[in-house]
Amino acid sequence: MDLKQLIKTEEKPHKGLLAAEWVVIAYLIFTLVMMAWLWEHLDNPVSMLWGRCRYLVVTIAMWLIYRWKPCRLLFFARVLVQMAFLSWWYPDTYELNKALPNLDHVFASLEQSIFGCQPSLLFSQKVPYGWFSELMCLGYVSYFPLMLVTYLYYFFQRYHEFKLAAFVIMTSFFVYYVIFDLLPVTGPQFYYLAVGPERIAEGIFPNLGDWFLTHSERMAAPGWSDGFWYHLLDLTHDAGERPTAAFPSSHVGVTTVLMMMALRTRSCKLTLSMLPFYVLMCFSTVYIYAHYLIDAIAGFITGLLLYYALCIIYAKCLQDKKMGLR
């Protein structure tokens, strides 16, 4: 695909909002309902409202620009804008769920009853090597690059399915965000620090109630603190990490969706190039204290379910549209 093809006016441009954009707007409406319910408990509800207004303005502006010049390049830009907004929507889940009672004690207790220990606490102790730490950090920070690679492949190699890829990936994110809004679980890096690693090791998992309403301190990730990938992980955590979004692991879930999208292309090069990072991602979420092991397992299962369910939904909607039912 050369530059001329990228900027060439499309013969059959997509006239309305993308399915992926409608999904985000539906999520925006859902969070507005939650905000109305929790209004008195929110720290900055007016700021949250303005953030949603800015999102709508940018989304509509991108749609209008595409309508003015409907070409593939601007179509891709619309999807990239939605991807960029994910970094704003994620911490927003904390603003909503911190007003609800924390449930980490339930998940830590369940972890203990299933495995007889806290795998997240012991993993780094069993494998304390610097090179392994760097691999784990590399795996974790490859999250958004893997998504970008998948988008780029579908855009340049399978453009006829690019809308499908955008819908499946973006919808997966926002299904997880709905869960995070309603299920306040912070994960080991926040809960272990609040309770104390020593007490956690003894099997003590107290109910912290509304502790995370006013506390957002986290444990430093284990491993080689002078490593390049460790520093990059630390920077990303400092920029956007909040005590939220632990169960299920969206990192594992979304990358599972990405791997299924890669397998869908039947491209060995794409699949094999992504596979090592996917495996590292699955392990790293537990290694760096980001998730309980049950979070990662749930992320894998829900990622598979989301992929198949969303592909079926998209195909059904496409068929109905062709038959004139929509």
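Calculation notes
- Residues numbered from 1 in each chain as written.
- Predicted model: local features only at pLDDT ≥ 70, side-chain atom pairs only at ≥ 80, totals over all residues.
- Heavy atoms only, no water.
- Helix = DSSP H or I, 4+ residues; strand = E, 2+ residues; numbered from the N terminus.
- Expected span 1.5 Å × (residues − 1).
- Bend = angle between axes of the 7 residues up to and from the residue.
- Axes fitted to C-alpha atoms, helices over the stretch in contact; angles between N-to-C directions.
- Parallel < 35°, antiparallel > 145°, perpendicular 65-115°, else oblique.
- Left-handed = near helix turned anticlockwise from the far one by under 90°.
- Contact = heavy atoms within 4.5 Å.
- Nonpolar A, V, L, I, M, F, W, Y, C, P; charged D, E, K, R; others polar.
- Phe/Tyr/Trp six-rings, centres within 6.5 Å; stacked < 30°, edge-to-face > 60°.
- Buried < 20%, exposed > 50% of the residue type's maximum accessible area, 1.4 Å probe, protein only.
- Lys NZ or Arg CZ within 6 Å of the ring centre and 35° of its normal.
- Salt bridge = Lys/Arg side-chain N within 4 Å of Asp/Glu carboxyl O.
- Core = buried A, V, L, I, M, F, W, Y, C linked by side-chain atoms within 4.5 Å.
- Arc of directions from axis to C-beta.

Here helix α4 (residues 72-97) is 26 residues long and its end C-alpha atoms lie 38 Å apart, about the 38 Å a rise of 1.5 Å per residue gives. If you look at α4, its biggest bend is around 30°, right at S87, and the proline P91 turns up within four residues after that.

The next thing to look at is the packing of helix α9 (residues 162-182) against helix α13 (residues 250-265). Between two packed helices, both the angle of their axes relative to each other and the distance between the axes serve to describe the pair. The contact between α9 and α13 brings their axes to 10 Å, and the two run at 165°. As judged from the angle between their axes, α9 and α13 are roughly antiparallel. Our pair here, α9 against α13, has a crossing hand that is right-handed. Contacts between α9 and α13 pair L164, A165, V168, I169, S172, F173, Y176 and F180 from the former with S250, G253, V254, V257, L258, M261 and R264 from the latter. Of the residues that constitute the contact of α9 with α13, the class distribution is eleven nonpolar, three polar and one charged.

For the coordinates displayed, the defined rule picks out 36 aromatic pairs. A ring pair is formed by F76 and F155, whose centres lie 4.7 Å apart and whose planes are at 40°; its orientation type is tilted. With F76 in helix α4 and F155 in helix α8 (residues 143-157), this pair connects stretches of sequence that are 79 residues apart. Both residues of the pair, F76 and F155, count as buried. When the centroid spacing of 5.7 Å and the interplanar angle of 85° are considered together, the rings of W131 and F132 count as edge-to-face. Taking NZ or CZ as reference, R72 lies 3.9 Å from the ring centre of Y159, over its face.

The next subject is unusual backbone geometry. In this structure, the amide linkage connecting F247 to the following residue, P248, adopts the cis form with an omega of -15°. Tracing the backbone shows P248 in the loop between α12 (228-240) and α13. Positive phi is not limited to glycine here, since R266 has a value of about 60°. Residue position: R266 is located in the loop between α13 and α14 (268-287). Its identity as a non-glycine residue notwithstanding, Y289 has a phi of 75°, on the positive side. Secondary-structure assignment places Y289 in the loop between α14 and α15 (293-322).

On the basis of relative accessibility, which here comes to 1%, the residue F155 falls in the buried class. Residues F155 and R72, 83 residues apart in the sequence, show an inter-C-alpha distance of 8.7 Å.

Turning our attention to the pattern of salt bridges. Evaluation of the coordinates by the stated rule reveals eight salt bridges. The partner of K98 in a salt bridge is D43, with the nearest N and O atoms 2.4 Å apart. Of this pair, K98 sits in the loop between α4 and α5 (104-115) while D43 sits in the loop between α2 (19-38) and α3 (45-68); the two residues are 55 residues apart in sequence, bridging distant segments of the chain. The buried category is assigned to K98, whose relative accessible area is 7%. Take D43: its relative accessible area is 46%, and that puts it in the partly exposed class.

Here we take up the nonpolar core. In terms of nonpolar packing, the biggest core is built from 75 residues, with W89, Y151, F162, V168, F173, F174 and Y177 touching the most fellow members. With 13 residues, the top contributor of residues to this core is α9. Aside from chain neighbours lying at most four places away, what touches Y177 is Y27, L86, W89, Y90 and T93. Ranked by size, the runner-up nonpolar core spans 17 residues in total, among them F190, Y191, I200 and F205.

Moving on: the packing of α2 against α4. Closest axis-to-axis distance for the α2/α4 pair is 12 Å, and the angle between their directions is 20°. What the angle tells us is that α2 and α4 run roughly parallel. Here α2 runs over α4; the crossing is left-handed. In contact with E21, V24, Y27, L28, T31, M34, M35 and L38 of α2, α4 contributes R78, Q82, W89, T93 and L96.

Counted at 1.5 Å a residue, the expected span for α12 with its 13 residues is 18 Å, and the 19 Å between its end C-alpha atoms agrees. Buried within α12 we find Y230, L233 and H237. Taken down its axis, α12 places every buried residue within 60° of arc, on the same side. Structural note: α12 exposes F228, L235, D238 and A239 on the side pointing more than 90 degrees away from its buried face. Of the surrounding secondary structure, the elements contacted by the buried residues of α12 are α7 (130-141) and α10 (188-195).

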